[in-house]
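Residue-level structure breakdown
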Amino acid sequence: MVCLVITGCSSTKKTSGKDDFKSWAQTPPMGWNSWDCYGPTVTEAEVKANADYMAVNLKKHGWEYIVTDIRWYVENDKAGGYNQTDPRYVIDQYGRYQPAVNRFPSAANNNGFKSLADYVHSKGLKYGIHIMRGIPKKAVEEKMSIKGTNGITADMIYSTELQCKWLQDNYTIVADKPGAQEYYNSIIEMYASWGVDFIKIDDLSAPYHEGEINLIRKAIDNCGRKIVLSTSPGETPIEAAAHVSTHANMWRMVDDVWDTWPHITHLMEVSQKWYPYIAPGTWPDCDMIPLGRISVRGERGEDRMTRLTKDEQYLLMNFFTIFKSPLMFGGDMPSNDAFTLSLLTNDEVLKMHREGTGVKQLFQKDGKIAITSKNEKDGSVYLALFNVSDAETEVSVPLSDVGITGKAKITDMWTGKGGSASGEATGNVSAKLRPHASVLYKLNK
């Protein structure tokens, strides 16, 4: 599934300069998204409960976004998919979806998400929402006016071509039609007035909708509020890398990542082409973290704790963090057990995630993967070794491959202990790994 971020509200509109948006997410965004646990049915009370948990347990470790995912504007959606038979949409006279009051009571009296965003902000956190690209079919059918235009209506800017295949709420917006920019301006201005800090916009990536992304970027840059943009879902084509990395803060590399081993290995394979685009303000996105308690009312499977083994959970976190992916936790946080919480609060690992530079894959072959980065501030070298095969194997990297000559002190970043019997390596760094296991080391001369 899919995942903007805002850091303060300006009282007057100010047009951002080109690439200013990159300064809004200089480190990979870290937060919670409701999709994995609540699908399209999350309620205000559940969003607040997760915000409360984050404020107490995770905020001090750098976690800050609380994101309400898909279809918050439908009064009668369902778990295990979407109600596309008789959805009751909530929409204003300008064709803009509004929160369903039966699920978000504070949205009454045309308040939108302002009160909920204020609540999240009061916890020292930031608030985000998910939307689908395009314009509501209902707005087209009823020829609703587009705010900021002189007589242009929704039926004048739409196309049925490239309509989302898996959710039929919206039509494509034809980017060069008069009124197209004004429609995106109108919804982004509304989100800014609510205090939204993060917008995840769905169905943008596969196929890649360059025209609508251009409209969105311009609307955000002109709205007077710093909103982080996440494009989703699916495998963003590498041919679009130059465009997406100059228009979005984060973009999905794959379809939804769930708690199955093939999802993880597919992600690691696809990621290989995206290393050159890991940069401050623009981040290739591994998708949400399907750990903890998921599918409370989710899209896939029954209410459960993640099906990934502990080794696989460590492997997922090692990959997401050294790769510098945005971290959007998908489980219901108040349901976290101690182990799940420990995966989210290791400050050495999160420091690497925040400060690591020059991320590169050394190899991915024969079920063995090695990835490295460096902390330019203290000179530490980070090295993650992975066994993605189904048999125990040794993974080894010459120290010279990570720029170290002679000996190196090895620290296991999860335990803080030496990463070998002696705590040192000479010549090579090696680890014998169980199937689907990994290690994350910090190396110092």
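Residues numbered from 1 in each chain as written. Predicted model: local features only at pLDDT ≥ 70, side-chain atom pairs only at ≥ 80, totals over all residues. Heavy atoms only, no water.

Regarding unusual backbone geometry
Peptide bonds are mostly trans, and most non-glycine residues show a negative phi. In this structure, the amide linkage connecting alanine 206 to the following residue, proline 207, adopts the cis form with an omega of 5 degrees. Residue position: proline 207 is located in the loop between strand S7 (198-202) and helix H6 (210-221). One non-glycine residue, aspartate 366, adopts positive backbone phi at about 50 degrees. By secondary structure assignment, the location of aspartate 366 is in the loop between strand S14 (357-365) and strand S15 (368-374). (Helix = DSSP H or I, 4+ residues; strand = E, 2+ residues; numbered from the N terminus.)

Observations concerning the sheet that holds strand S16 (residues 381-387)
The antiparallel open sheet is built from 6 strands, whose spatial order is S14-S15-S16-S21-S18-S19. One side of each edge strand has no neighbouring strand; the edge strands of this open sheet are S14 and strand S19 (424-426). Neighbour-to-neighbour, the strand axes of this sheet turn through a mean angle of 25 degrees, independent of strand direction. Contacts between helix H11 (residues 347-355) and the sheet are confined to S14, S15, S16 and strand S21 (438-444), with S21 contributing the most and set at about 75 degrees to the helix. (Pairing = 2+ DSSP bridges. Axes fitted to C-alpha atoms, helices over the stretch in contact; angles between N-to-C directions. Contact = heavy atoms within 4.5 Å.)

Comments concerning helix H9 (residues 310-322)
Counted at 1.5 Å a residue, the expected span for H9 with its 13 residues is 18 Å, and the 18 Å between its end C-alpha atoms agrees. Across the 13 residues that make up H9, a large majority, 10, are buried. Looking only at H9, the buried set comprises Glu312, Gln313, Leu315, Leu316, Met317, Asn318, Phe319, Phe320, Thr321 and Ile322. Remark: lysine 324 follows H9 within two positions and exhibits a positive phi of approximately 65 degrees. (Expected span 1.5 Å × (residues − 1). Buried < 20%, exposed > 50% of the residue type's maximum accessible area, 1.4 Å probe, protein only.)

Let's talk about the packing of aromatic side chains
This model, assessed by the stated rule, comprises 22 aromatic pairs. Residues tyrosine 158 and tyrosine 171 carry aromatic rings whose centres are separated by 4.9 Å and whose planes lie at 40 degrees to one another, so their mutual orientation is tilted. With tyrosine 158 in strand S5 (residues 158-159) and tyrosine 171 in strand S6 (residues 170-173), the pair connects residues that are 13 residues apart, well separated along the chain. Taking relative accessible area as the criterion, tyrosine 158 reaches 30% and is therefore assigned partly exposed. Taking the centre distance of 5.5 Å and the plane angle of 85 degrees together, the rings of tyrosine 314 and phenylalanine 339 count as edge-to-face. With tyrosine 314 in helix H9 and phenylalanine 339 in helix H10 (residues 338-344), the pair connects residues that are 25 residues apart, well separated along the chain. One aromatic cluster in this structure is built from Trp72, Tyr73, Tyr89, Tyr97, Phe104, Phe113, Tyr127, Tyr191 and Trp194. Here the basic side chain of arginine 217 rests over the ring of phenylalanine 21, its NZ or CZ set 4.0 Å away from the ring centre. (Phe/Tyr/Trp six-rings, centres within 6.5 Å; stacked < 30°, edge-to-face > 60°. Lys NZ or Arg CZ within 6 Å of the ring centre and 35° of its normal.)

Here's the deal with the sheet that holds S5
The strand order S4-S6-S5 describes an open sheet built from 3 strands, whose pairing is antiparallel. The open sheet has two edge strands, strand S4 (135-136) and S5, and neither has a second partner. Two elements, S4 and S6, share 2 bridges in a ladder whose sense is antiparallel. Among the inter-strand pairings, isoleucine 135 is bridged to a residue of S6, identified as tyrosine 171.

Focus on the side chain of serine 159
Looking at the secondary structure, you find serine 159 in strand S5. At 3.0 Å, the side chain of serine 159 and the backbone nitrogen of glutamate 161 are in polar contact. In contact with serine 159, other than residues within four places in its own chain, are Tyr171, Thr172 and Val174. (Polar contact = N/O pair within 3.5 Å; in protein donor to acceptor, adjacent residues only side chain to side chain.)

Some points on the packing of helix H5 (residues 180-194) against H6
It is the contact of H5 with H6, at a shortest axis distance of 9 Å, that shows an interaxial angle of 50 degrees. The angle between H5 and H6 falls in the class oblique. Pair H5 / H6 crosses with right-handed handedness. Facing Ala180, Gln181, Tyr184, Asn185 and Ile188 of H5, the residues of H6 in contact are Glu212, Leu215, Ile216, Lys218, Ala219 and Ile220. Residues that form the contact of H5 with H6 fall into these classes: 7 nonpolar, 2 polar and 2 charged. (Parallel < 35°, antiparallel > 145°, perpendicular 65-115°, else oblique. Left-handed = near helix turned anticlockwise from the far one by under 90°. Nonpolar A, V, L, I, M, F, W, Y, C, P; charged D, E, K, R; others polar.)

As for the nonpolar core
Ranked by internal contacts, the top residues of the largest apolar core, which has 124 residues, are Trp63, Ile66, Trp72, Tyr127, Tyr191 and Phe319. Residues in contact with tryptophan 63, not counting those within four places in the same chain, are Met30, Gly31, Met54, Leu58, Leu125, Ile289, Leu327, Phe329, Leu344 and Leu350. Core analysis: the second largest hydrophobic core is formed by 19 residues, Val397, Leu399, Ala408 and Leu443 among them. (Core = buried A, V, L, I, M, F, W, Y, C linked by side-chain atoms within 4.5 Å.)

Some points on H6
A rise of 1.5 Å per residue sets the reference length of H6, with its 12 residues, at 16 Å; its end C-alpha atoms lie 16 Å apart and thus fit the reference within 8%. Those residues of H6 not exposed but buried are Glu212, Ile213, Leu215, Ile216, Arg217, Ala219, Ile220 and Asp221. Tucked into the core, H6 has its buried residues touching S6, H5, S7, strand S8 (228-231) and helix H7 (241-244).

A short note on the environment of isoleucine 131
By the element assignment, isoleucine 131 lies in strand S3 (residues 126-132). Here isoleucine 131 falls in the buried class, since its relative accessible area comes to 5%. Sequence separation between isoleucine 131 and proline 262 is 131 residues; the distance between their C-alpha atoms is 28 Å. With residues near it in sequence (within four places) discarded, isoleucine 131 still touches Trp72, Ile187, Tyr191, Ile199, Lys200, Ile201 and Asp202.

Concerning the pairing of strand S18 (residues 407-412)
Looking at chain direction, S18 and S19 are connected through 3 bridges and run antiparallel. What sits directly across from lysine 409, in S19, is glutamate 424. The pairing of S18 with S21 spans 4 bridges and is antiparallel. Note that in S21 the partner of isoleucine 410 across the bridge is leucine 443.

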